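# Structural features, examined
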Amino acid sequence: EGNKKESRGALIVLEGLDRSGKSSQCSRLVSYLEGEGLSAELWRFPDRTTNVGQMISAYLTNASQLDDHTIHLLFSANRWEKRSLMETKLKSGTTLIVDRYSYSGVAFSSAKGLDIDWCKAPENGLLAPDLVAYLDISPDKAAERGGYGDERYEKLEFQQKVAEHYKVLHDASWKSIVHDVIDINSGDNDDDNLAVLAEIAHKHDKGKALEAVHEDVLGKAGVLTSARARRKRAAASS
Ligand code: Z5A
Ligand code: MG
């Protein structure tokens, strides 16, 4: 029993604006963890392979129109349809590195003007991440990265609103997230930061029971201190 609990995988979520580098960092992290002999898988939301995912994809590519509430619930349903597989994988010891999760759900829909509590409600009961790392990039800088594609949300003005709403989430309920995760994305110290994320993956696979399903997924993020921040602290105290 005790052993089972100790060997569960960690649930690690990367969040951020379009082009913040989530997909790049997620796959680097998975390779890194595999290199350390850990079982790790890369997941992403939306998962466009399911029926619900195809409806989402059609909406994002402007092939269909949907009411804002409807698409919000579809994004959430897309996570719910994956919940039990997610739980099985984690309990069997696989660490999941997830590219976007509930935080995107709330930030994007509330950026359109939907009530934030209404947006959070359908996320209640999904599995709580052990860590949410927010890749903080300014919308302008993100836009410079090869320009946006032509999906529905890929416009500077809307990304600026989304950034504000991620910040609202952070201030209101993401208290435990440490901002300096950010420099995972800065180019320098990149490998250090991967190591920090990996360390958290290791720590959490021995940590709390997965049964600790969150009441409110938006209030239960883990803490990450980057290698750079730790060095800064060490330098200051010596
Ligand atoms: N959405 C929602 O509304 N509700 C929900 O519940 C969920 C999502 C889950 C589709 O998401 C849309 O769905 C998304 C949110 C909404 N809309 N927007 N915006 P998606 O996951 O399919 O799309 P995305 O992740 O936002 O787009 P992306 O372009 O894949 O971004 P990324 O994964 O963060 O970045 P990347 O692919 O790693 O890198 C982007 C480019 O930047 C690429 O050319 C890289 O080579 C470059 N890059 C990456 N890192 C760097 C660094 N460090 N320096 C320089 N250049 C870099
Ligand atoms: Mg991506």
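Let us look at the structure shown here. (Residues numbered from 1 in each chain as written. Chains lettered and ligands numbered in written order. Predicted model: local features only at pLDDT ≥ 70, side-chain atom pairs only at ≥ 80, totals over all residues. Heavy atoms only, no water.)

With that out of the way, let us pick up the environment of arginine 28. Locating arginine 28 in the fold gives a position in helix H2 (residues 22-35). Given a relative accessible area of 29%, arginine 28 falls into the partly exposed group. Sequence spacing of arginine 28 and leucine 42 is 14 residues, and the spatial spacing of their C-alpha atoms is 9.8 Å. (Helix = DSSP H or I, 4+ residues; strand = E, 2+ residues; numbered from the N terminus. Buried < 20%, exposed > 50% of the residue type's maximum accessible area, 1.4 Å probe, protein only.)

A separate point is the nonpolar core. Across soluble globular proteins, you tend to see nonpolar side chains buried next to one another. Grouped together as the largest cluster of nonpolar side chains are 34 residues, with contacts concentrated most on Leu11, Met86, Val98, Tyr101, Val162 and Tyr166. The set of elements that each furnish at least two residues to this core consists of strand E1 (11-16), helix H3 (51-60), helix H4 (68-91), strand E3 (95-99), helix H5 (102-111), strand E4 (131-135) and helix H8 (156-173). Every residue in contact with methionine 86, bar those within four places of it in the chain, is listed here: Leu11, Trp43, Phe45, Leu96, Val98, Tyr101 and Leu127. (Core = buried A, V, L, I, M, F, W, Y, C linked by side-chain atoms within 4.5 Å. Contact = heavy atoms within 4.5 Å.)

So, on to the site of ligand 1. Inspection of the region around ligand 1 gives 23 residues, with Asp18, Lys22, Ser23, Ser24 and Arg100 positioned closest. Contact between ligand 1 and serine 20: an oxygen atom at 3.2 Å from a main-chain N or O atom of the residue. Within the backbone of glycine 21, a nitrogen or oxygen atom sits 3.0 Å from an oxygen atom of ligand 1. When ligand 1 is considered free in solution it has 1000 Å² of accessible area, and contact with the protein chains removes 77% of it. Contributing elements (two or more residues each) for the shell around ligand 1: H2, H4 and H5. Each residue belonging to the shell around ligand 1 can be placed in one class, and the counts come to seven nonpolar, eight polar and eight charged. (Near = heavy atom within 4 Å. Polar contact = N/O pair within 3.5 Å; in protein donor to acceptor, adjacent residues only side chain to side chain. Areas by Shrake-Rupley, 256 points an atom, 1.4 Å probe, with all protein chains shown as cover. Nonpolar A, V, L, I, M, F, W, Y, C, P; charged D, E, K, R; others polar.)

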